[in-house]
Amino acid sequence: EFSPSPTQAAFLTSDAVVNAIYSNFGEGKTWGAVVSYAYHAQLNYARTGLQQMEVYVIRDTLENLKRSPLPTIREVYGGLFESFNQDKEGYIYSTPLIHLTFIGIADGGDLSKLQGPEVALIHLEEVCPIEDAQRYSAGLSEAVFNLSLVRCARQKNAIPRLIVSGNPGDQEHWFYKRLIEPPDGPFDDDTPLITKRVFKIPYGENTHQQEISRQATIAAYKYAPQGFQRFVKGELAT
């Protein structure tokens, strides 16, 4: 059972092909992205009769992916979810059946992992790097976004969806230039079917977030202006 916040609800029911969701720490962006797997599967089942939806979940490394969003998937779907192949694949036993493939893409050499798949939904998690990119999360490149947009529209008789989730980066990152800065709607006049929407969860909208967790983030980044802007306020840093 899931009671979405207002922003999560708008994100879940969006009819855009590309849907980006971002916020400060702990506001529920990953939760919303994971719940949207089921929403999109139901949409496909109702409109096209799709029996199995193929999903790729992508982060910079498979190890980071096991930290997030894999625990959120387990929490959201409970006994309906089963992982196998050393957490490289999984199923959500719903109608329609959802088959998940978990992929780590650390650099350009890993892009071959996206060659040839026929999927209806791709989720790019934590696309913007945090401060110490080499030690923690290097984010995902624009090349990954480009290829994912191509591949999410490959499953036959399926409605495509590309999800981009994470904390905000800075104004030099492709996340800002490609998704946040341009107005919502079609990417280009030549591609009217390829639309995008961006959702920013406001600070404090997640009523399930513990107050001590919010204050810990404030204390951590109080004297780090860029970190405070991104991780406490949920804003793009200059």
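Preceding block: the structure.
Residues numbered from 1 in each chain as written. Predicted model: local features only at pLDDT ≥ 70, side-chain atom pairs only at ≥ 80, totals over all residues. Heavy atoms only, no water.

Q: Help me out: how do you make sense of the sheet that holds strand S3 (residues 81-84) in this one?
A: Pairing is mixed in the open sheet, where nine strands are placed in the order S3-S4-S5-S2-S6-S7-S1-S9-S8. Every other strand in the sheet has two partners, leaving S3 and strand S8 (185-186) as the edge strands with one partner each. Contacts from helix H2 (residues 29-48) reach strand S1 (18-22), strand S2 (52-59), strand S4 (89-92), strand S5 (97-104), strand S6 (121-125) and strand S7 (161-166) within the one sheet, and its direction differs from that of S7 by about 170°. Here helix H5 (residues 142-151) sits on the sheet in contact with S1, S2, S6 and S7, set at roughly 160° to S6. (Pairing = 2+ DSSP bridges. Helix = DSSP H or I, 4+ residues; strand = E, 2+ residues; numbered from the N terminus. Contact = heavy atoms within 4.5 Å. Axes fitted to C-alpha atoms, helices over the stretch in contact; angles between N-to-C directions.)

Q: Where do I start with the nonpolar core in this structure?
A: Soluble globular proteins tend to bury their nonpolar side chains together. Counting 27 residues, the largest nonpolar core has Tyr37, Met53, Ile73, Phe81, Leu100 and Phe102 as the members making the most contacts within it. Among the elements of the structure, helix H1 (6-12), H2, S2, helix H4 (70-77) and S5 are those that each provide at least two residues to this core. Sort the elements by how many residues they give to this core and H2 lands first, with five residues. With residues near it in sequence (within four places) discarded, phenylalanine 81 still touches Leu70, Ile73, Arg74, Gly90, Tyr91, Ile92, Leu100 and Phe102. (Core = buried A, V, L, I, M, F, W, Y, C linked by side-chain atoms within 4.5 Å. Buried < 20%, exposed > 50% of the residue type's maximum accessible area, 1.4 Å probe, protein only.)

Q: Would you take a moment to explain the pattern of salt bridges for this structure?
A: Pairs can form between side chains of opposite charge once their charged atoms are near each other. Taken as a whole, this structure holds six salt bridges when the rule is applied. Ionic pairing is found between arginine 178 and glutamate 142, a salt bridge with its closest N-O pair at 2.7 Å. Of the two residues, arginine 178 sits in helix H6 (residues 174-180) while glutamate 142 sits in helix H5, which places them 36 residues apart along the sequence. The salt bridge involving lysine 196 is made with aspartate 184; its shortest N-O contact spans 3.1 Å. With lysine 196 in strand S9 (residues 195-200) and aspartate 184 in the loop between H6 and S8, the pair connects residues that are 12 residues apart, well separated along the chain. For aspartate 184, a relative accessible area of 43% translates into the label partly exposed. (Salt bridge = Lys/Arg side-chain N within 4 Å of Asp/Glu carboxyl O.)

Q: Sorry, what's going on with H2 here?
A: Given 3.6 residues per helical turn, the α-helix brings residues three or four places apart onto the same face. Given a rise of 1.5 Å per residue, 20 residues ought to cover 28 Å, and the 28 Å separating the end C-alpha atoms of H2 matches this to within 8%. At serine 36, H2 is bent by approximately 25°, the largest bend along its length. Residues of H2 that are buried: Lys29, Thr30, Gly32, Ala33, Val34, Val35, Ser36, Tyr37, His40, Ala41 and Asn44. Two residues or fewer after H2 comes glycine 49, characterised by a positive phi angle close to 75°. (Expected span 1.5 Å × (residues − 1). Bend = angle between axes of the 7 residues up to and from the residue.)

Q: Please clarify how the environment of threonine 72 should be interpreted in this entry.
A: Tracing the sequence through the fold places threonine 72 in helix H4. Counting along the chain gives 21 residues from threonine 72 to glutamine 51, while the straight-line C-alpha distance between them is 24 Å. In contact with threonine 72, not counting residues within four places along its chain, are Thr30, Trp31 and Val34.

Q: Looking at this structure, I do not really get the state of the cysteines. What am I missing?
A: Working definition: the covalent bond between the sulfur atoms of two cysteines is a disulfide. Counting across every chain of the model gives zero disulfides. Free cysteine cysteine 128: the closest other cysteine sulfur is in cysteine 152, separated by 19 Å. A relative accessible area of 3% places cysteine 128 in the buried class. (Disulfide = S-S within 2.5 Å.)

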